[in-house]
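Here is what each chain is made of, one letter per residue.
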Amino acid sequence: MSDNELLNKKRSNLMKALKREGADYVPTMLASSCAEVAWTGQKVTDIIDDPDKYVKAMTDVFEVMWADGNTFSGTLFTPRLEGLLEPLQNKFGPDGVTPEHVQMPMMERDEYDQFIEDPNRFVSEVLVPRKYPKLYEDREYAKKVLKTVAEDKFYSLAVLMGKQSQVLSEKYGITDIADFSKVFSNPVDTLFDYCRGFKGTLTDLRRQPDKVKAACDKLWEVYNLPRLSGPVDEFPYACHMTHIAPYLSPKQFEELYWPYEKKWIERAAAAGSKVWIMLEGSWSKVWHHFLEVPKDSCILHIDDDDICQAKKELGDHQIIEGGLKVAAVRTESIDKIKDDIKRVIDVCAPGDGFLFCTDKAWIAPGDVNQNLIDAYNFVHEYSMKK
Amino acid sequence: MSEIEKKEQSKTEYLQEIAKELLEDESWDLPKEGRFFLLPGFEWDVLYL
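Now for a description of the structure that goes with this document. Note that this is a predicted model, so its numbers are computed, not measured. (Residues numbered from 1 in each chain as written. Chains lettered and ligands numbered in written order. Predicted model: local features only at pLDDT ≥ 70, side-chain atom pairs only at ≥ 80, totals over all residues. Heavy atoms only, no water.)

## Points about the overall build of chain A
Part 1: Helix and strand counts for chain A come out as 14 helices and 11 strands.
Part 2: Taking 21 Å as the expected radius of gyration for a compact globule of 386 residues, we find that chain A reaches 21 Å, a close match to that expectation.
Part 3: With respect to the three principal axes, the spread of C-alpha positions in chain A is 65 × 45 × 40 Å.
Part 4: Looking at chain A as a whole, 54% of its 386 residues are labelled buried. (Helix = DSSP H or I, 4+ residues; strand = E, 2+ residues; numbered from the N terminus. Rg over C-alpha atoms; globule rule 2.2 N^0.38 Å. Buried < 20%, exposed > 50% of the residue type's maximum accessible area, 1.4 Å probe, protein only.)

The structure is reproduced here in structure tokens:
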């Protein structure tokens, strides 16, 4: 079979699963940062400056492991900013493979009025100078920093991801289903991620909920909504890595988070597209809201929740993705893993609208191991026979 | 630009002026279409580095 035949065969089956047209087998999906590199015995930090070497290390495992689609894989940064700009929230850890993210909230609890007046200006006048004062003391330094960041983002997002996507599709028949240039941010996550952090946002929700609501409404108006102004592509799909939602009460979720999320989903559905959403953490207390939006408008990646419960409660209305715990891959026998996979396939495959994936991304050395390879190959073989 | 005018430049204007210079820099080997990080709103992404 030529490479293009492999791609066409896999993609055709993937689309059948997504459109509920009788897939021949359950598609298996990648979700990773760079753990594939560790599987080859190398460190990301040692090879990332060589695009060919890096992409080969990121894709070699698919010589022995069946996969049909890619939700996300790769890195949004390289180590080249380290030593030039401090502090950095995103770095590779000491193992040279695992990305580490540390929240560094710059906004104080009594600054909501300033923020609400003009969030964009507050960020550029107050928060960035507070985090990086040196940028405003030395113009040549500031220029060097912006230049280096721009080069790094182009290299990570365009060069490395572009080349990897090409190899995945042309050599291994793996299709990207999510477009990370069309990433959505819910304003509650924007406030959480960029300004107030975990402790701050959750405290504010109790002590000054009206300010949080006003801040989110303003963010939606001047930050989140303008970033949705472009046309909606039918495929690959826009995506959303949710963050704060599982820490909200059902009431907070319904009143604060869901209205923005719903608007974004309905916008994609109206254009005949879907959205891919990482339901990070546990969502079972609020996921009934996804029954309110058009059928099959969402691909819901299940993380800590029970995939079979998700299938039962949502699977006739939305597409669900998941089925294998990364923790199990690292700690359980392959026989136990296969038994669990049989149960998941038996429950989730009927009726299509199911993509097999790990609950969490492959981020650290050991996440991509022989159990993972055997598990993915078993899903393909077992579901083909069903 | 006089010293007085420089002092009146806001922090927003200062950083955006540098970004604009880089976006228009003909000597920079990064393709212009690859300079997407420097487009309006880039301050949010600087905050998240």
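## A word on the interface of chain A and chain B
Part 1: On the chain B side, the residues contacting the 41 residues of chain A number 27 residues.
Part 2: Between chain A and chain B the total buried area reaches about 3100 Å² when both faces are included, carbon and sulfur atoms providing 71% of it.
Part 3: The largest share of the area that chain A buries against chain B comes from Arg139(A), Leu146(A) and Tyr194(A), three residues that together contribute 23% of it.
Part 4: Put simply, chain A and chain B have three salt bridges between them. (Contact = heavy atoms within 4.5 Å. Buried area = accessible area lost by both parts, 1.4 Å probe. Salt bridge = Lys/Arg side-chain N within 4 Å of Asp/Glu carboxyl O.)

## As for the sheet that holds strand 5 (residues 175–176) of chain A
Residues and elements named next belong to chain A.
Part 1: Spatially, the three strands line up as an open sheet ordered 1-2-5, and their pairing is parallel. Edge strands, defined here as strands with exactly one partner in the open sheet, are strand 1 (29–31) and strand 5.
Part 2: In terms of strand pairing, strand 1 meets strand 2 (residues 69–72) through three bridges, oriented parallel. When the bridges of strand 2 are listed, Leu 30 appears paired with Asn 70. (Pairing = 2+ DSSP bridges.)

## Considering the pairing of strand 9 (residues 298–302) of chain A
Residues and elements named next belong to chain A.
Part 1: Most of strand 9 is tucked away: five of the five residues are buried.
Part 2: What you see with strand 9 is no split at all: Cys 298, Leu 300 and Ile 302 on one side and Ile 299 and His 301 on the other are buried throughout.
Part 3: The sheet contact formed by strand 8 (residues 275–279) and strand 9 spans five bridges and is parallel. Residue pairing for strand 9: Val 275 is matched across the bridge by Cys 298.
Part 4: Bridge count for strand 9 against strand 10 (residues 319–324) is three bridges, and the pairing is parallel. By the bridge assignment, Ile 299 is partnered in strand 10 with Ile 319.

## Regarding the pattern of salt bridges
Part 1: Tallied over the full model, the rule gives 25 salt bridges over all chains.
Part 2: One salt bridge connects Asp296(A) with Arg20(A), and the closest N-O pair in it is separated by 2.8 Å. One end of the pair, Asp296(A), is in the loop between strand 8 and strand 9; the other, Arg20(A), is in the loop between helix 1 (3–19) and strand 1, and 276 residues separate them in sequence.
Part 3: The partner of Asp359(A) in a salt bridge is Lys325(A), and the shortest N-O contact between them spans 4.0 Å. You can see Asp359(A) sitting in the loop between strand 11 (354–358) and helix 14 (370–385) and its partner Lys325(A) sitting in the loop between strand 10 and helix 12 (326–331), a full 34 residues away along the chain.
Part 4: On the basis of relative accessible area, Asp359(A) is assigned to the buried category, the value being 6%.
Part 5: The class of Lys325(A) is partly exposed, set by a relative accessible area of 35%.
Part 6: Shared partners join several salt bridges into a network, and the residues in it are Arg139(A), Lys143(A), Glu17(B) and Glu21(B).

## Considerations on the packing of aromatic side chains
Residue and element names in this part refer to chain A.
Part 1: Following the criterion strictly, the structure yields 27 aromatic pairs over all chains and no others.
Part 2: Between Phe 72 and Trp 276, the ring centres sit 5.8 Å apart and the planes meet at 65°, which makes this aromatic pair edge-to-face. Within this pair, whereas Phe 72 is found in strand 2, its partner Trp 276 is found in strand 8, the two being separated by 204 residues in sequence. The pair formed by Phe 72 and Trp 276 is uniform in burial state, with each residue classed as buried.
Part 3: Seen from their ring centres, Phe 77 and Phe 92 are 5.1 Å apart, and the 45° between their planes marks the pair as tilted. (Phe/Tyr/Trp six-rings, centres within 6.5 Å; stacked < 30°, edge-to-face > 60°.)

## What about the packing of helix 13 (residues 334–348) of chain A against helix 14 of chain A?
Residues and elements named next belong to chain A.
Part 1: Between helix 13 and helix 14, the shortest axis-to-axis distance is 10 Å and the interhelical angle comes to 35°. In this structure, the crossing between helix 13 and helix 14 has a hand that is right-handed. Note on element contacts: helix 14 touches helix 13 through Asn 371, Asp 374, Ala 375, Phe 378, Val 379, Tyr 382 and Ser 383, opposite Ile 334, Ile 337, Lys 338, Ile 341, Lys 342, Ile 345 and Asp 346. (Axes fitted to C-alpha atoms, helices over the stretch in contact; angles between N-to-C directions. Left-handed = near helix turned anticlockwise from the far one by under 90°.)

## Considering helix 10 (residues 250–270) of chain A
Spacing of three or four residues puts side chains on the same side of an α-helix, whose turn is 3.6 residues.
Residues and elements named next belong to chain A.
Part 1: At Trp 258, helix 10 shows its maximal kink, close to 50°; a proline, Pro 259, follows between one and four residues later.
Part 2: Among the residues of helix 10, Phe 253, Leu 256, Tyr 257, Trp 258, Tyr 260, Glu 261, Trp 264, Ile 265 and Ala 268 are the ones counted as buried.
Part 3: Elements that come into contact with the buried residues of helix 10 comprise helix 8 (187–207), helix 9 (209–224), strand 7 (237–241), strand 8 and strand 9. (Bend = angle between axes of the 7 residues up to and from the residue.)

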